[in-house]
Amino acid sequence: MALTNCKQCGRLFNRTMKDICPECVKQDDEDFMKVGQYLRANRGASPQEVHEETEVALEKIFRFIREGRLIAEKYPAMTFPCERCGLPIQSGRFCRSCSDELKQQFDRVMHQDSEQSGSASSRSREEFYLKKRFERK
Ligand SMILES: [Zn+2]
Ligand SMILES: [Zn+2]
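As the structure is a prediction and not an experimental result, all values here were calculated from the model. (Residues numbered from 1 in each chain as written. Chains lettered and ligands numbered in written order. Predicted model: local features only at pLDDT ≥ 70, side-chain atom pairs only at ≥ 80, totals over all residues. Heavy atoms only, no water.)

A count of helical and extended segments in the chain gives five helices and four strands. N-terminal to C-terminal, the α/β element order of the chain is β-β-α-α-α-β-β-α-α. Residue burial in the chain is summarised as follows: out of 137 residues, 24% are buried. Contacts in the chain between residues far apart in sequence, at least 24 positions, make up 24% of those at least 6 positions apart. Taken as a whole, the chain presents about 10,300 Å² of accessible surface, with 51% of it coming from carbon and sulfur. (Helix = DSSP H or I, 4+ residues; strand = E, 2+ residues; numbered from the N terminus. Buried < 20%, exposed > 50% of the residue type's maximum accessible area, 1.4 Å probe, protein only. Contact = heavy atoms within 4.5 Å. Areas by Shrake-Rupley, 256 points an atom, 1.4 Å probe, with all protein chains shown as cover.)

Okay, structure coming up:
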């Protein structure tokens, strides 16, 4: 038996499948039910309203969404902040423009990697960047 601290309340418990204690799992389930029930009756509710009406912490509501437990897209006002810029979104972790930007950054890195093979074009581009960097100073 392995004792561990609950990630949520800090209580010691016998570690099972999850890293939160049975009490917190129960509490989570109850909160999730409350949120679900409230949303079924008030489809246009925002997370803030749900939080006020059900007394479930806003962070927990967002966590339910992030975990995919609560399908925010079914409810027009259920949004949560983009992890990068804070814009309200309904699924994933980032808003559209952030995920586009992150994808571009990722593509660029991948592209740079594939050009490491040392073709003539990549060399002249490198010189171009160096020149630009010096000009900026
Ligand atoms: Zn706990
Ligand atoms: Zn964003």
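Another point: the coordination of the zinc ion (ligand 1). With distances of 2.2 to 2.3 Å, the protein atoms coordinating the zinc ion (ligand 1) are Cys6 (SG), Cys9 (SG), Cys21 (SG) and Cys24 (SG). The site at the zinc ion (ligand 1) holds four donor atoms, and with the angles between them running 105 to 115°, its shape is tetrahedral. Mapping the donors of the zinc ion (ligand 1) onto the primary sequence yields the spacing C-x2-C-x11-C-x2-C. Of the two residues, Cys9 sits in the loop between strand 1 (3-5) and strand 2 (12-14) while Cys24 sits in helix 1 (residues 22-41), which places them 15 residues apart along the sequence. (Donors = N, O, S within 2.8 Å, 3.2 Å for Na, K, Ca; no water. Tetrahedral: all angles 85-135°; square planar, octahedral: opposite > 155°, others 65-115°.)

Taken together, the buried positions of helix 3 (residues 58-66) are Lys60, Ile61, Phe62, Phe64 and Ile65. Residues of helix 3 that are buried sit in contact with helix 1, helix 2 (47-54) and strand 3 (80-81). One or two residues past the end of helix 3 sits Gly68, with phi positive at roughly 80°.

Our focus in this paragraph is the environment of Pro47. Within the secondary structure, Pro47 sits in helix 2. The buried category is assigned to Pro47, whose relative accessible area is 6%. Along the backbone, Pro47 and Ile61 are 14 residues apart, and their C-alpha atoms lie at a distance of 7.0 Å.

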